[in-house]
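Structural description and commentary
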Amino acid sequence: MKVCVVGSGGREHALALALGRSADVVVTPGNPGMPAVTSEGWQITVTDAPPEAVDADLVVVGPEQPLVDGLADRLRAMDRLVFGPGVDGALLEGSKGFMKDLLAEACVPTARYGTFDTLVEATAFLRELPGPWVVKTDGLAGGKGVLVTDSIGEAEADIAAKLSGSSFGDAGRKVVVEEALAGPECSLLALCDGKRVVPLAPAQDFKRVADGDDGPNTGGMGAYSPVPVADERLVDRMLDEAVEPLLGVLRRRGIDYRGVLYAGLILTDDGPKVLEYNVRFGDPETQVVLPRLDEDLTGLLAEAATGRLRTEPRWRRDACVCVVLASEGYPISSRTGELIEGLEAAGDHEGVTVLHAGTRLDDEGRIVTAGGRVIDVSALAPSIHEARERAYLAIRDVSWPGMHYRTDIAAAAASTSAPTVANSSMRFEQARPFS
Ligand code: AMP
Ligand code: GLY
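Definitions and limits used
- Residues numbered from 1 in each chain as written.
- Chains lettered and ligands numbered in written order.
- Predicted model: local features only at pLDDT ≥ 70, side-chain atom pairs only at ≥ 80, totals over all residues.
- Heavy atoms only, no water.
- 1 Å grid on protein atoms, 1.4 Å probe; cavity = no way out; pocket = protein on both sides within 12 Å on 5 of 7 lines; lining within 4 Å.
- Points joined across faces, edges and corners; volume = space filled by probe spheres on them.
- Helix = DSSP H or I, 4+ residues; strand = E, 2+ residues; numbered from the N terminus.
- Nonpolar A, V, L, I, M, F, W, Y, C, P; charged D, E, K, R; others polar.
- Buried < 20%, exposed > 50% of the residue type's maximum accessible area, 1.4 Å probe, protein only.
- Arc of directions from axis to C-beta.
- Contact = heavy atoms within 4.5 Å.
- Pairing = 2+ DSSP bridges.
- Expected span 1.5 Å × (residues − 1).
- Near = heavy atom within 4 Å.
- Polar contact = N/O pair within 3.5 Å; in protein donor to acceptor, adjacent residues only side chain to side chain.
- Areas by Shrake-Rupley, 256 points an atom, 1.4 Å probe, with all protein chains shown as cover.
- Salt bridge = Lys/Arg side-chain N within 4 Å of Asp/Glu carboxyl O.

Here we look at the layout of surface pockets
Summary: where empty space remains is shown by rolling a probe the size of a single water molecule over the atoms. There is about 800 Å³ of room inside the second largest pocket. If you trace the second largest pocket, you find 33 residues lining it, with Leu17, Val352, Thr353, Val354 and Leu355 closest to the centre. Element by element, the count of residues in the lining of the second largest pocket is highest for strand β20 (residues 352-356), at five residues. Class assignment of the residues belonging to the lining of the second largest pocket gives a composition of 15 nonpolar, 11 polar and seven charged.

Encoded structure:
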């Protein structure tokens, strides 16, 4: 079996390692941290060839942009087996306005919102909301197009900048304005084969750049799994209220959705509400969910891609914590080309895996920074507390000028008294059909 993974970040590195437990993996375009022979003896390689030119039994598309651009449709037209939705399903992430309309149709609980392309209407709606306020680009913005603010002046200025195209180009020419919700967040990723859905273990992501959830939103600065507040009962509720109804609506619209449906939820006092859907694996959630999977990922994704999902994923009891190391200036800008030191030493720590997210080789063949999110240090251990200790200890070995990271990833969860095995034993008799 040979699997092609499309993408070049930490999520794709984690996918390659998990798929590489049972298949040869070729990643396009990949990054220099990926090539390896796995402990099970499979090869992970990278190639510059486009996905259409890679000979593989299964193609797994990592990022949203190629899905929104129709890569899965093009590959299916070539009779390739693909894990990832077509353009029709990917619009769920490609347009937040479309996503919100589907949510309303599926009666999925979400924040009160409106979608606008004129300043007058957007600000009039904004003023009707009690605040705090949220302003989002309609189009893709790498996780950075969302402003949550207590200041109505800041929200108004942000709407103006987005609509004028000055802050996010065409992605911001339409905006979603909504009420801010409060509560812990939870990412629930589910595998879908067009007819059935199985949840993966929940994870929690840290979106803001700085400790204490301060500073601007990023693509994600760290994550952990399991999530003590999201027990089996809550996962069931999230599936019933936030995943299955939406898939039902997609199906009624004739959309054969085969891939990951990622529900970003906020656990409010009134129950879970959906902040967003993504149409692919989360980054960095994948880096903490897949190491906990005690199942053949290649088989699972191939089942979903062929429309025959029937395996119940099993989970290790271990917890996993991932901390993202970022370049100076991220998420506003990022200084690249810096020499990275200590990666090998970090990877030698017990339970630790060093994933490359934004790296390249310089002229002398050394690993240098090549993006905002550069390295993910992911650690498995019997508890969240120990996993976080392992990750932060390993990080001490890594350095480059301007490197920064959050020091509070999973800190609150590590100090809860809830059993850390919560939802690690989640089992389903069979993948659930949905209507
Ligand atoms: P999104 O891309 O829509 O998931 O938004 C990114 C992040 O912004 C979320 O993970 C939340 O942290 C925050 N956010 C988005 N919408 C809301 C909301 N309605 N209330 C509070 N926070 C929000
Ligand atoms: N971690 C957030 C995302 O993948 O969109």
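A look at helix α6 (residues 119-128)
Looking only at α6, the buried set comprises Ala122, Thr123, Phe125 and Leu126. All buried residues of α6 lie within an arc of 160° about the axis, which places them on one face of the element. Along α6, the residues that are exposed and aim more than 90 degrees away from the buried face are Val120, Arg127 and Glu128. In this structure, the buried residues of α6 make contact with β7 (113-116), β8 (133-137), α7 (152-164) and β10 (175-179).

Describing the pairing of strand β17 (residues 258-268)
The buried fraction of β17 is high, at 11 of 11 residues. Pairing analysis gives seven bridges linking β17 to strand β18 (residues 271-278), with the strands arranged antiparallel. Counted as the bridge partner of Leu267 is Pro272 from β18. Counting the residues in the hairpin turn of β17 and β18 gives two residues.

Quick word on helix α12 (residues 384-395)
Its 12 residues place the ends of α12 16 Å apart at the C-alpha level, agreeing with the 16 Å of an ideal helix rising 1.5 Å per residue. Taken residue by residue, α12 has Ile384, Ala387, Arg388, Ala391, Tyr392, Ala394 and Ile395 as its buried positions. Viewed along the axis of α12, the buried residues span an arc of 160°, placing them on a single side of the element.

Some points on the site of ligand 2
In the vicinity of ligand 2, the residues found are Asp205, Lys207, Gly219, Tyr262, Asn278, Arg280, Gly282, Asp283, Pro284 and Glu285. At 3.4 Å from an oxygen atom of ligand 2 is found a side-chain nitrogen or oxygen belonging to Asn278. Within the contact set of ligand 2, a nitrogen atom lies 2.8 Å away from a backbone nitrogen or oxygen of Asp283. For ligand 2, the protein covers 91% of the area, taking 200 Å² as the surface of the free molecule.

Observations regarding the pairing of strand β15 (residues 214-217)
As paired strands, strand β14 (residues 208-210) and β15 are joined by two bridges and run antiparallel to one another. Within β15, the position partnered with Arg208 by the bridge is Asn217. Connecting β14 to the next strand, β15, in antiparallel fashion are three residues, including Gly212 with a positive phi near 70°.

Considering the pattern of salt bridges
Any two side chains of opposite charge can pair if their charged atoms end up close together. Per the counting criterion, the structure on display carries 26 salt bridges. Put simply, Arg373 and Asp283 hold a salt bridge, and the shortest N to O gap is 3.8 Å. Separated by 90 residues along the polypeptide, Arg373 in strand β23 (residues 373-381) and Asp283 in the loop between β18 and α9 (285-289) bring together distant segments of the chain. We note that Arg373, like Asp283, is buried. For Arg390, the salt bridge goes to Glu350, with nearest N and O atoms at 3.4 Å. With Arg390 in helix α12 and Glu350 in the loop between α11 (343-347) and β20, this residue pair connects regions lying 40 residues apart in the sequence. When its relative accessible area of 22% is taken as the criterion, Arg390 is described as partly exposed. Overlapping salt bridges bring together Glu64, Glu93 and Arg280 as one network.

Some points on the side chain of Ser225
In this structure, Ser225 sits in strand β16 (residues 222-225). Within the structure, the side chain of Ser225 is placed 2.8 Å from the side chain of Arg292, a separation counted as a polar contact. If we skip the residues at most four places from it in the chain, Ser225 touches Ala201, Pro202, Ala203, Val288, Val289, Arg292, Ala319 and Cys320.

With respect to the site of ligand 1
Lining the immediate environment of ligand 1, one finds 15 residues, of which Lys136, Glu178, Leu181, Glu185 and Glu276 sit closest. Take Glu179: an N or O atom from its main chain is 2.9 Å from a nitrogen atom of ligand 1. Burial of ligand 1 by the surrounding chains reaches 94%, relative to a free accessible area of 470 Å². Counting only elements with at least two residues in the shell around ligand 1, the list comes to β8, β9 (146-149), β10 and β18. Partitioned by chemical class, the residues of the shell around ligand 1 number seven nonpolar, one polar and seven charged.

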